[in-house]
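# Structure assessment
Next come the chains, spelled out residue by residue.
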Amino acid sequence: MAYIKVNNDKVTPDIAKKLIDLCPFNAFEYTDMYLSINASCKICKMCVKKGPDGVCELVESVKPCVDKTKYKGIAVYVEQRNNVAHPVSWELIGKAKELSKVTQEPVYAIVIGSDVKHMVEEALAYGVDRVFAYEHEAYRDFDVQVYTNVVEQFFKTHQNNVILFGSTPQGRSFAPRIAARLKTGLTADCTMLDIKPDGDLLQIRPAFGGNIMAKINTPNHRPQLATIRYKMFNLPEKVSPFGQVSYEETHAINHARKTKLIQTTDKPKVKDISEAEVIIAVGRAFRKEKDLELIQPLVQKLNAEVACTRPLIENGWFDAKHQIGLSGRTVKPKLIINLGISGAVQYIEGMKEAELIISVNQDEHNKLFDISHYSIVGNIYDVLPELNKLIDQIWKVNA
Ligand SMILES: Cc1cc2nc3c(=O)[nH]c(=O)nc-3n(C[C@H](O)[C@H](O)[C@H](O)COP(=O)(O)OP(=O)(O)OC[C@H]3O[C@@H](n4cnc5c(N)ncnc54)[C@H](O)[C@@H]3O)c2cc1C
């Protein structure tokens, strides 16, 4: 990365003042006769071009180069709790297999636990080339420090190119620690992944409140780390296992814990819209909370879960667990019916993978219509009773 170097031997108090006045970002600081540049510098080069000659210069730093040919393998961390794998891990294996076709790299699964055999078998059934299993009593429960030591050992031994994690509470706490330990970058909450033939991972995610899709890569460091939300990718087909399994040495890994797990209590299971097969999603078109009763016949007949856009959470009409979107849940139901929703990018990112999308909106230019399989232009207060009647008729015919 380039930076601006200040040649302090040429700086006088007058010159310092001139540069401070010149900089549009207030990036100069002059203390104890020393002129420095702070983090506000945007490298606009104004000081180089318009400042006193030779005081500021642009240094195009030499990129630290990594020998990319030394790092091979797209690894997926198989997240588990009570020795049950989180399905996001299998979705990531599916994506890793797609990426590996571009780079001709093997796909690895990293399984850590106290009883890993069935997870190893499951990973093989999803078609990984090799499973690296770390089995030890110390890995029964997730401990971020101990698990970081394991993944550090994995990377140091196997020098792989990419490690993918689910954007789950565990993955969100774990992946940044690994990035810090291995002195590499991490892109959190990716919604898409791609890869260049040289192995550079393109980590794609919405940025600036969803106004742009940022393509982030890590060309000078390995491994490349990314977390990806559950339900962003499809579960791969199971195959006849062909991969190898390596039960890795664990004796050299530091198992000391700084925290002691005294007790775990499972939260009461609540229905999660991420798992729903049918969703009725409601938006700001509903004028009053009471009007939501209009959707009840549909909800019951279709055995649907109700979800909503963010404004309805802000109104206090729903618990935050019902929100679809970037700051809510990602859903991938068989059917979603959007009722009076504008289709802001933050919403669409959370539901665009649904198998069948039906949208109702009075605005014929509604953005959701572009991704919907069926679009109904109309007022929800007129369309809903008609939809209810239609479902009733279908119900009777099928009864
Ligand atoms: C950082 C950030 C994160 C965000 N995250 C999320 C998120 O995760 N999820 C989310 O949902 N939003 C999120 N938002 C908010 C998002 O930008 C939108 O403001 C929000 O999705 C709009 O909700 P809406 O479509 O219900 O409301 P509106 O935008 O007000 O749209 C209402 C729609 O209803 C239609 N309509 C009105 N009356 C009727 C009627 N009688 N019949 C039929 N159609 C009608 C209108 O034509 C319009 O299309 C986020 C915003 C930011 C800045």
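Residues numbered from 1 in each chain as written. Predicted model: local features only at pLDDT ≥ 70, side-chain atom pairs only at ≥ 80, totals over all residues.

## Here's the deal with the overall build of the protein chain
The helix and strand inventory of the protein chain stands at 10 helices and 21 strands. Along the first, second and third principal axes, the C-alpha set of the protein chain runs to 90 × 55 × 45 Å. Each of the 399 residues in the protein chain was classed as buried or not, and the buried ones make up 37%. Considering only contacts within the protein chain whose residues lie at least 6 apart along the sequence, 64% involve residues at least 24 apart. (Helix = DSSP H or I, 4+ residues; strand = E, 2+ residues; numbered from the N terminus. Buried ≥ 20, exposed ≤ 12 C-beta atoms within 10 Å, placed from the backbone. Contact = placed C-beta atoms within 7 Å.)

## Considering the nonpolar core
One finds Ile93, Ala109, Ile110, Val111, Ala123 and Leu164 to be the most contacted residues of the largest nonpolar core, which totals 56 residues. Aside from chain neighbours lying at most four places away, what touches Ala123 is Val78, Ile93, Ala109, Val111, Val128 and Val131. Core analysis: the second largest hydrophobic core is formed by 28 residues, Ala276, Ile280, Cys308 and Leu384 among them. (Core = buried A, V, L, I, M, F, W, Y, C linked by C-beta atoms within 7 Å.)

## Concerning the site of the ligand
Taken together, 27 residues lie near the ligand, and Gly283, Ala285, Thr309, Gly325 and Ser342 sit nearest. Contributions of two or more residues to the shell around the ligand are made by α8 (310–314), α9 (345–348) and α10 (380–398). Per-class residue counts for the shell around the ligand are nine nonpolar, 15 polar and three charged. (Near = placed C-beta within 6 Å. Nonpolar A, V, L, I, M, F, W, Y, C, P; charged D, E, K, R; others polar.)

## A look at the domain arrangement of the protein chain
Looking at the assigned domains, one finds that the protein chain contains domain 1 (2–60), domain 2 (68–247) and domain 3 (273–398). On a C-alpha basis, the centroid separation for the pair domain 2 and domain 3 is 33 Å. Taken residue by residue, the interface counts seven residues in domain 2 and nine residues in domain 3. Looking at the side of domain 2 that touches domain 3 residue by residue, the classes come out as three nonpolar, two polar and two charged. (Domains from an automatic or database assignment.)

## A closer look at the sheet that holds strand β19 (residues 335–339)
Sheet strands line up and pair through hydrogen bonds in the backbone, either parallel or antiparallel. The strand order across the open sheet built from five strands is β18-β17-β19-β20-β21, with neighbouring strands paired in parallel fashion. Of all the strands in the sheet, the pair left with one neighbour each is β18 (305–308) and β21 (374–377). Across the sheet, the axes of successive neighbouring strands diverge by a mean angle of 15°, strand direction being ignored. (Pairing = 2+ DSSP bridges. Axes fitted to C-alpha atoms, helices over the stretch in contact; angles between N-to-C directions.)

## Structural notes on the sheet that holds strand β14 (residues 212–216)
With antiparallel pairing, three strands are arranged side by side in an open sheet as β12-β13-β14. Edge strands, defined here as strands with exactly one partner in the open sheet, are β12 (192–195) and β14. Pairs of neighbouring strands in the sheet enclose a mean axial angle of 25°, with direction left out of account. Two strands pair when backbone bridges link them, and β12 and strand β13 (residues 201–207) are joined in this way by four bridges, in the antiparallel orientation. If you follow Asp194 over to β13, its bridge partner there is Leu202.

## Side note on the pairing of β13
Two successive antiparallel strands, β12 and β13, enclose a turn made up of five residues, where Gly199 displays a positive phi of approximately 95°. For β13 and β14, the ladder comprises five bridges, and the chain directions are antiparallel. Residue pairing in the sheet places Gln203 in a bridge with Ile216 of β14.

## Observations concerning the environment of Lys288
Checked against the element boundaries, Lys288 lands in the loop between β17 (278–282) and α7 (296–302). For Lys288, a count of 9 C-beta atoms within 10 Å gives the class exposed. Counting along the chain gives 29 residues from Lys288 to Trp317, while the straight-line C-alpha distance between them is 9.4 Å.

## Brief notes about helix α4 (residues 117–125)
Within the sequence span of α4, burial applies to Met119, Val120, Glu122, Ala123 and Leu124. A positive backbone phi angle near 90° is found at Gly127, which sits one or two residues after α4.

## Some remarks on unusual backbone geometry
Residue Pro223 follows Arg222 across a cis peptide bond; omega there is 0°. Among the structural elements, Pro223 can be located in the loop between β14 and β15 (224–228). Residue Asp32 is not a glycine yet carries a positive backbone phi of 50°. In this structure, Asp32 sits in the loop between β2 (28–31) and β3 (34–37). Taking the C-beta count within 10 Å as the criterion, Asp32 has 4 such neighbours and is therefore assigned exposed. The backbone of Asn83 shows a phi angle near 60°, a positive value even though the residue is not glycine. Within the element layout of this structure, Asn83 appears in the loop between β6 (80–81) and β7 (84–85). Judged by C-beta crowding, with 14 C-beta atoms within 10 Å, Asn83 ranks as partly exposed.

## Examining the packing of helix α5 (residues 144–158) against helix α6 (residues 169–181)
Running from N to C, α5 and α6 cross one another at 50°; their axes reach a closest spacing of 10 Å. In terms of axis orientation, α5 runs oblique to α6. In this structure, α5 meets α6 at a crossing whose hand is right-handed. Of the residues in α6, those touching α5 at Val144, Tyr147, Thr148, Val151 and Glu152 are Ser173, Phe174, Arg177, Ile178 and Arg181. Of the residues contributing to the contact of α5 with α6, the split by class is five nonpolar, two polar and three charged. (Parallel < 35°, antiparallel > 145°, perpendicular 65-115°, else oblique. Left-handed = near helix turned anticlockwise from the far one by under 90°.)

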